[in-house]
Each structure stands twice: as structure tokens, then as C-alpha cells.
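What follows is each chain in one-letter form.
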Amino acid sequence: MGHKLLAFFFTLICIPGLFAFTLDASKNPVAVGSNVTITVNDFIPITVGSWLYESSILFMWYSGDLISGSNQQAGIEFNITTFQLTLSSVTLKSSGKYALDALRPNKTRAEITLDVQEPVSNVTADVSMTNLVEFNDTVSFTCNASGTPLWFSWQNGSSAVTAGGRVQLNNNGRNLVISGVTRYDEGPFQCIVKNNISNGDSIQKNLTISYGPSNLRITASPEKMVYASGSAISLSCSADSKPSASFYWMYNGNLLNVNSWSYNLTDTTQNRTGLYTCVAQNAVTLRYAEVSKTIRIVDPISAVSVNPSGSPVEDMPFNLSCNVVGPVDSIQWLKNGMDLYADNTITFFNGNSTLSFKKMALTDDGLYTCAASNAVSNNKSQAYNLMVNYGPVNTTATGPDVVAEGSNVTFTCSSVSRPQSQYSWYFNDSMVAVGSVYVTAALPRNHSGQYTCMAFNNITGISSTASVQLTVLAPVSNVMVNMDNQQPIFNQTFTLTCTASGDVEHIQWMKNSVKMSDDSRITFSKNNSVLNFNPLFLSDEGPYECEASNAVSNMTSLAYDLKVSYGPWNITISGPAVGAVGQNVTFNCSANSYPTSQYSWFHNSSMVGNGSVYVTAALSLTNSGQYTCMAFNHITGSSSNASVQLTLKYPVSHVIVNAGNQSPIFSQPFTLTCAASGDVEHIYWMKNGMLLYPENGITFSIDNSTLRFQNLSLNDDGHYQCVASNAVSNMTSLAYDLMINYGPWNTTIKGPIMAETGSIVNFSCTADSRPQSQYSWFYNSSKVGNGSVYVTNPLTNSGQYTCIAFNHITDSSSNASVQLTVIDAITAVEVISDTLNPLATQSLKLKCDVKGHYDTLHWLRNNQSFQSSDRVTFSADNTTVTFTYLKTADDGIYQCVAANPVKQHASNPYNLVVNYYNAAVSVQASVVMTALLALLLPVLEEWL
């Protein structure tokens, strides 16, 4: 038989003629334990064919006979009517290639590869250790998961972890290693595992990272360079550390008995000056750090006095001593309130505490004080008044050397003498006055000559003279600065002339009220009357004055404000290098020039305007080219020019995103095109208002005008815009709302799998799809309806109900089936009693009469389960209840309930009321009753 069957199949294979069909799986990939149905599209009845798994035959059929293959797997069912293959409770071993070979009526084959995956579950993240030390330790995370994981990734808080530097991702991302952890690696860390059917996250893991101490700081309060004795000083120490650092203090390298972040100094004295060090330690990292601060404490000076060594005598040595109570940093001597320094007549000894005069002189008279200071205080002595006895010496006569003709002159005579000298005045050896002051009459020019004063000390018997040589002159007037007819021009020669009346002895030039001197470029004539610039510089600008003077008078001219003409220099044009067609462009021209330059504008050598600002008309392409600005100074006679090249472009406009006639379908390629008018230089894309970059199957054309999706995914849903720009404009398109069409996926049917004949059943069908699927219903391969809900006619036969979901955009379909078993209905249930008058102490039988097939039958009393007892028994099939001895306690509502796999049917209630009978009934009545029962008993037995 086997050889004949093999020969028969070889004969069928050779039959010519082909037709095409395809296979669809109800879900793929599919989770372990799920049911999958592989259906045939473009269905044509196959009279001879086979289903194969990999190279093994599952089913073969021909001429109405079905043969299961030797490798046919458990849980696989084949519907020879629809040729669909149903796999129940699939396992990982169910993955592989399934093929349907059709041999008749035509020869063809269709294949489908089924991918069975375990859902991701039990995702855990293990960490090598959680308590770490910064920079010392390395931490490892390992991600474990059940299922068929394809992708592993890690998150630190809300940020994705990427490899690089200290971070390594190994074993396809399953292992995360962080070397030399820092305080910023504390987490929380979480592992994320995904496959094609599910995903899962681990519980977050946190690290405790100990670090420091670092950034150690000492703060003194109050903060001073030096502190006075008795000050209260608070030192505090801080450091960055986890766990918190412990602190201790040292003074000049010696350990203090202070273990705290603060150290307070009170009632300080000078011997507490020194180096204070704070040391911080971390008990976990075993690291320490220290920082030092110098605190200086000084006693204040309490008293200062000046003491002489004897009496001051002219030409004799003399000492003054400065006595100080308290520490001294410096001593300074003052004479008449002015600082005193050593010279050839005085010196200082013993740290400036002794002032020594080699020989007393008259100039040593004065008030002498000494000032002592240290870092926290200073003090000054009372003044010591030093007066030297002498004289007369240093006799001087004061008065003008030169006076104006007709003036009165006052001469004053003085001398250094103690006691005061007596004075006499002489003119050309003739005595003219007595006293220290001599006032002349109005002097003519012939009273020029020598005026002498004689000083005489009648105590010392010494005299001394001094003289003044007086010249009588005419005053200066009419002082002016002249420039003649010159123009002051940069880098050319220029002169200024000073003129005056009277006896002019000196001329002085001033610029900005400051006296001038000559140099290699600026010179003066012999008598200073002419100021020469060779050449002029811009730095020469300013107000110039000349002052003419003699010994008795001087006069300054009015200021001549010199402004140097120059330029034009450094001509520049500001304005765009690119302009938009149809718009205006403004150019600004500037140059360094005095006086201000005149400006002319040229376009490609043709003059187009004047003035420092040039505004074009609305631009056309002919307006591109070179724009030149020429600046001209009419004083210097010089000109200069600058140019700018203007390029014109059409502004960007009408920017739109086009998808053409494409429909965006899941897992298929798709393109968006950015179209724009104008000179487009740059294009970039945005999704949901954010810049879009090429990644994850998204690419751009060379000019960015086309956005390509290699395989659309649902994550590509969003609002897409393109931005086109050039140097003069930019424009953003309206948003293109991309919604990915997909499905139908996960088609499912809700409805019963068993019903009674004559009943009506509702089935509902759902599928994941965009747009919403269209639904068709089939009963045993015959179409019976449309829509997501199907309501059957009154049922007569069992059969398979199939829902096909179809997406008219993706042109895909998916189906699901349910096998409905129809059983005979229970049409009636009734309780029948064997007596019309149940009497106490008598027996009673209740029979359950059921019309229709049932599986189980049970009884209820007062809606509660009814159980057997010593007086109540049930027949083997539960159809009859027998009361062997009735009691009034048996009163109640009795029902029998017949059930099939679909539903339970309860009888109408039977109300049992047990009656009493009178014990005094006559014997005759008893006999009659006994006879009646004898007649009815055969009938009842036959009925029962």
C-alpha cells in the first residue's frame, strides 16, 4: 500500500499547470503558549496536497482521505475543508518553516516562517557591590531575564547609558561596567529588556559612593590680617565629603585637643600667634586633607614720650629719645608735623628710638614728635619744642629783583637770631631806613641798583648783611598768536607766531595749558616767537597759547584752537553681501576725515547717488555687482574709495511637504519630499518641532530635499515639517501629519463555543488596524455576513465560524475562527408525584420528566441542594426521589434541574404539603381504602 501511495504522489507531481496562493499566520511573531492559525489566501480547493514542517510531512490528503505524517506534532490540527493549520499552545520548537504543497488541481507551493518567542519576564539587575569609594572602585551590573530577549539597554535615572570612557557595555549590553566611579554615578540604574512581542524593566538599583574630603576651607570670623590681643576669633573648617568628614586641629604642627569642625580662640594674647591647621578625614575612603591659616595676634601700644639729652646749643651735638610702652614695629620722627629722615646733620639709632644731631643748627628749631606703631595700633608723643640760641646768621633781604616803572617796592629783612636782631637799610651805600621792612616811594627807571640790609644782635655782638639788586622795567602787553594765511593739513609744515608789546624778555608756548618743549618735529625760533611743525600730526590738535613776560609782568594770549585737516582714511562700507530680489538694500559709507568727507556712490562704474547712505530701489537680477563708495575732502584735496560685491537671490517661498500618492504602511519604505520656490540653499527636517537626524532607518537625499524611511514603524507617527532657507530668507512648511497604516493584527473572536439547537448566538470580531478593518464572516467556508458583530439564525448544526479582517490601505487581512458545537436543547422539565394527597407516615415518589438530552440532573428543596437521608433516597439516575416515611417537616418547594453543557433547565416548583389523617377512621373506610390501593397499585407500578 505504501509503494502504491508513493507512486500515486509521483504521478500527481508530474501533472502540469500552476496556480498561486499565499499563507498568512494569525500572529507572527507569536508568544509561547499562544494559538496560531495559518490560513490560505486566494483559496482554491486542493484535492491532493500536503502540509510540511521544515522537511517533515504533517498531513497528506487525496481523494478525500487524510493521512497524518509520522512526524505529526501534538497540538496541530488540520481543517481539510479550509486547508488551514491550527497550532495550539506553541513552544519554541514550533518555530520554523511551514509549507503547503498543492498537487491538484494545479501544482504550487506556499511557505511561511513562524517565529515563536518567549515573552520577556523576570527582568533583574544584579550589581557587584553598592557601597563604593570614588576613583578606587569599579562596579559591574548584570541584567538577567527570562524569555527570548533581543535587546538590552541601561538607564541612569532618566538618561540612557552609553559606552565610552569609564563606561563599558559588554555581552550585547547585558553587562554594564563603570570603572573608577565618581560621586555622580549613584543612579538609580535600571535594565530594560525588549523583544518583538514584549518588554520588561528591572527594579532600580542605587549606589552609595563615598568621596572626599576635598575642597577643604578654613574661615576666620572676623576675617582680619592681624588681631589685637584680647580678640575673640572663631575658626571653622569645611570639606566636601561623603560620609561627612571628621576634623581635628593643629597649632604650629602640634596636635590640639580639638576634634570638631570649629575652633574658638578667646582672650587672645600675643603668644597665640602662629599657624593653625585643620585636618579632615573620611572614615570610609581613608583619605585625608589639610589646610592651614596663619593667625597673628599683637599687643597694642599704650604710651609714647620724647625726652631730650640736655639743652640744645648751636654747633653742639644733641639727642632726643623716643620711649614706648608696648611692642613696636616701627618708629617715625616728625618735625613740625612732617616726617623726618636721616641726612648729613641728623641720624637715628636703636631702631629709630634715638634722634641724634651732629651739630645743632638754626634749622633744627621746631616741634619734634615721635610716632610708634604696630599691626594693631599706633601712638604719638606730645611735641617737644626745640629752640637753638644763635645769631645773627643767615641774614636775608627779600624784595623783587625787577619792578614796573612807577611802582612802590617793599623790601623785607630777616635773620636767624636769638634774641631778635636790629635792622638798617642802605641804597648805594647811603642809609635810607631803619627796621626790618623798607617801603620805597614810586620808583623811576634810574632807581635801579643795590639795596642792602644790615642785621645786628646786641647780645652776641655779631652783625650780618644781605642785598637785593633791583631793576625797573616797562610791563608786557598786547600778546597774540597768529597763523597768517596757512591751512593746517596733516603731514605738511605749519607755523604759529607770537607777537607782544613792552620789554619782552621771555616767550613760552603752551598746549592745553601745559608748557611745550621742542623735539625733532616741533621747533622754536631763537627768541621762541615762532612755533614750527614739520610736519603736522593729528596729535598736534588742541588749544595753543603763548605767554610773553619780563621780570615785572607777563601776559598770555587768547587760545588758538588748532584743528588738523586730514583724510579721507580707512573708508569702509557696511551693508549686505547678499540681497533678496524685489527688496531694498541699504549701504552705509564712512571714512576718517576732517572736515567731513563728501560721498559719491557707483554701481559697476556708473554713478548712482551721493551721501554717506545709499538705499537701492527694489532689486532685480541686473542690480547685482560691485557697489563703490568714493569719499573726497575738499580741504586736503584727497579722495579714497571702497567697494562691496552684491549677490542677489530669490527669497524662499511656498515651502510644502509632499508625500505624493504613497500610503504610509507599516514595515514598508516611504518618502517625504520638501518642495520650495526661490533660491534654496539649505533644507532641514523637523519632527514634532524637533530637529530630525538620519538614524534608525531614516536617511536624507544629498540636498536634504527627500526624507526616506527604510521601513516604517509606529514610532514614525508624528508631525513632519521642512525648513528651506538661503542667505536672505527662510520658511517652514505646514506640518505633514504622518500616521502609519498597519494591520490587521491580533484578530480575535469573542463568542461561545457551544449552544443549544434553536438558540441565537452573537459573535464579535476585533483586530488591531489603522484604518479600521472591514470584517467578513464565514460559516464552514461560506460567507454569511459583514461587520464586526455577527448574529446567527436559530441554530441547527455545529460548525466553524471564521472572521476575516481586511485593511483596504495595507491590503492585508487576518482571520480568526471559533468552532461552535450545537447540541439538542432541553425543551421541558416537569416534577410528577405518585399521589395526589401526600399523607404523613406514608411513602411518596417524585419523578423528574425531562424532554430532550441532558448530562446531569439534581434536585432542589426551597432553592437549596437536596440530599438523601434515612427516609429519602434517589434512584441511580437521580430521576426519582422516594420518601419512605413522610413527615410534615418534608413540606416545601421541590424542583428538579436538568443540565447540558450549555445551560441548566429547572422545572416548575412542586409544592409538597404533607397531610394528617384521623386515627378514628372506621374499619370500613380503611377496608375501602385498602381495596382501592390494591386496584391502583399495578397501574402505578406500570407507570413508574
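Below, the structure is looked at part by part.

Conventions we followed
- Residues numbered from 1 in each chain as written.
- Predicted model: local features only at pLDDT ≥ 70, side-chain atom pairs only at ≥ 80, totals over all residues.
- Heavy atoms only, no water.
- Core = buried A, V, L, I, M, F, W, Y, C linked by side-chain atoms within 4.5 Å.
- Buried < 20%, exposed > 50% of the residue type's maximum accessible area, 1.4 Å probe, protein only.
- Contact = heavy atoms within 4.5 Å.
- Helix = DSSP H or I, 4+ residues; strand = E, 2+ residues; numbered from the N terminus.
- Pairing = 2+ DSSP bridges.
- Disulfide = S-S within 2.5 Å.
- Salt bridge = Lys/Arg side-chain N within 4 Å of Asp/Glu carboxyl O.
- Phe/Tyr/Trp six-rings, centres within 6.5 Å; stacked < 30°, edge-to-face > 60°.
- Lys NZ or Arg CZ within 6 Å of the ring centre and 35° of its normal.
- Polar contact = N/O pair within 3.5 Å; in protein donor to acceptor, adjacent residues only side chain to side chain.
- Axes fitted to C-alpha atoms, helices over the stretch in contact; angles between N-to-C directions.

It is worth spelling out the nonpolar core at this point. Judged by nonpolar contacts, the single largest core of 26 residues is most densely connected at Leu23, Trp51, Leu85 and Tyr98. Beyond its immediate chain neighbours, meaning those up to four positions away, Tyr98 contacts Leu23, Ile38, Trp51, Leu52, Tyr53, Leu58, Leu85, Leu87, Ala110, Glu111, Ile112 and Leu114. Judged by nonpolar contacts, the second largest core, of 23 residues, contains Val304, Leu320, Phe357 and Val388.

Let us now look at the pairing of strand S75 (residues 762-770). Two faces belong to every sheet, and in a regular strand the side chains alternate between them. Only one face of S75 is covered, namely the face carrying Phe763, Cys765, Ala767 and Ser769; the face carrying Asn762, Ser764, Thr766, Asp768 and Arg770 is uncovered. In terms of strand pairing, S75 meets strand S78 (residues 789-791) through three bridges, oriented antiparallel. Considered in S78, the bridge of Ser764 is made with Val789.

This part covers the state of the cysteines. Put plainly, a disulfide is one covalent bond tying together the sulfur atoms of two cysteines. Throughout the structure, instances matching the rule amount to nine disulfides. The disulfide partner of Cys413 is Cys453, and the gap between their sulfur atoms is 1.9 Å. A torsion of -90 degrees about the S-S bond marks the disulfide between Cys413 and Cys453 as left-handed. Placement of Cys413 in strand S41 (residues 410-416) and of Cys453 in strand S45 (residues 449-457) is noted, with a sequence separation of 40 residues between them. Cys453 matches Cys413 in its accessibility class, with the two residues each being buried. One disulfide bridge connects Cys498 with Cys546, the sulfur atoms lying 2.0 Å from each other. On the sign convention where negative means left-handed, the S-S torsion of about 70 degrees between Cys498 and Cys546 marks this disulfide as right-handed. Pair noted here: Cys498 is in strand S48 (residues 494-501) and Cys546 is in strand S53 (residues 542-549), with a separation of 48 residues, a long-range link. Residue classification places Cys546 among the buried positions, given a relative accessible area of 0%.

This part is about the pattern of salt bridges. Tallied over the full model, the rule gives 14 salt bridges. Asp329 is the salt-bridge partner of Arg296, the closest N and O atoms lying 3.5 Å from each other. Of this pair, Arg296 sits in the loop between strand S28 (288-295) and strand S29 (297-298) while Asp329 sits in the loop between strand S31 (318-325) and strand S32 (330-335), placing them 33 residues apart in sequence. Overall, the relative accessible area of 34% leaves Arg296 in the partly exposed class. Among the salt bridges present, the one from Asp890 reaches Arg871, with a minimum N-O distance of 2.9 Å. Residue Asp890 is found in the loop between strand S86 (880-883) and strand S87 (892-899), and its partner Arg871 is found in the loop between strand S84 (864-865) and strand S85 (872-874); the two are separated by 19 residues along the sequence.

Applying the stated criterion across every chain, the model contains 40 aromatic pairs. Between the aromatic rings of Phe357 and Tyr368, the centroid separation amounts to 5.7 Å while the plane-to-plane angle is 85 degrees, which identifies the pairing as edge-to-face. Of the two residues, Phe357 is situated in strand S35 (residues 354-357) and Tyr368 in strand S36 (residues 366-374); the sequence distance between them amounts to eleven residues. Of the two residues, Phe357 and Tyr368, neither departs from the other in class, the shared state being buried. An angle of 75 degrees between the planes, with centres 4.8 Å apart, marks the rings of Phe666 and Trp745 as edge-to-face. With Phe666 in the loop between strand S64 (653-658) and strand S65 (670-677) and Trp745 in strand S73 (residues 742-750), this pair connects stretches of sequence that are 79 residues apart. You can call Phe666 partly exposed: its relative accessible area is 31%. Counting every residue linked through ring pairs, the aromatic cluster contains Phe411, Trp425, Phe427, Tyr438 and Tyr451. A cation sits over an aromatic face here: Arg521 above Phe537, 4.1 Å from the ring centre.

A word on unusual backbone geometry. Note: most residues except glycine have negative phi, and most peptide bonds are trans. That bond from Lys242 to Pro243 is cis: its omega, -5 degrees, falls within 30 degrees of zero. Looking at where Pro243 falls in the secondary structure, it is placed in the loop between strand S23 (233-242) and strand S24 (246-251). Here Glu54, not a glycine, exhibits a phi torsion of approximately 55 degrees, which is positive. Here Glu54 lies in the loop between strand S4 (48-53) and strand S5 (56-62).

Mapped onto the secondary structure, Gln508 falls in strand S49 (residues 506-511). Residue Gln508 is classed as partly exposed on the basis of its relative accessible area, which comes to 22%. Separated by 48 residues in sequence, Gln508 and Thr556 place their C-alpha atoms 9.1 Å apart. Aside from chain neighbours lying at most four places away, what touches Gln508 is Lys515, Met516, Glu545, Cys546 and Glu547. Polar contacts involving the side chain of Gln508 include one to the main-chain carbonyl oxygen of Met516, which spans 3.2 Å.

A word on the environment of Thr108. Note that Thr108 resides in strand S10 (residues 108-114). You can call Thr108 buried: its relative accessible area is 17%. Spatially, the C-alpha atom of Thr108 lies 57 Å from that of Val652, the residues being 544 residues apart in sequence.

This paragraph deals with the side chain of Ser198. Take Ser198: it is sitting in the loop between strand S19 (189-194) and strand S20 (199-201). Taking the relative accessible area as the measure of exposure, Ser198 reaches 19% and is therefore buried. One polar contact links the side chain of Ser198 to the main-chain amide nitrogen of Val120, over a distance of 2.8 Å. Beyond its immediate sequence surroundings of up to four residues, Ser198 is in contact with Pro119 and Val120.

A few words now on the sheet that holds strand S42 (residues 422-427). Spatial ordering of the open sheet is given by S40-S46-S45-S42-S43, a layout of five strands whose pairing is mixed. The open sheet has two edge strands, strand S40 (402-404) and strand S43 (430-434), and neither has a second partner. Looking at each pair of strands side by side, their axes are set apart by 30 degrees on average, direction ignored. Here S45 pairs with strand S46 (residues 462-473) via nine bridges, running antiparallel. Residue pairing across strands places Thr452 opposite Ser467, the latter belonging to S46.

Next up on the list: the sheet that holds strand S81 (residues 828-833). Here four strands make up an open sheet; going across it, the order is S81-S82-S86-S85 and the pairing antiparallel. Whereas interior strands pair on both sides, the edge strands pair on one side only; in this sheet they are S81 and S85. Within this sheet the neighbouring strands show an average axis-to-axis angle of 15 degrees, counted without direction.

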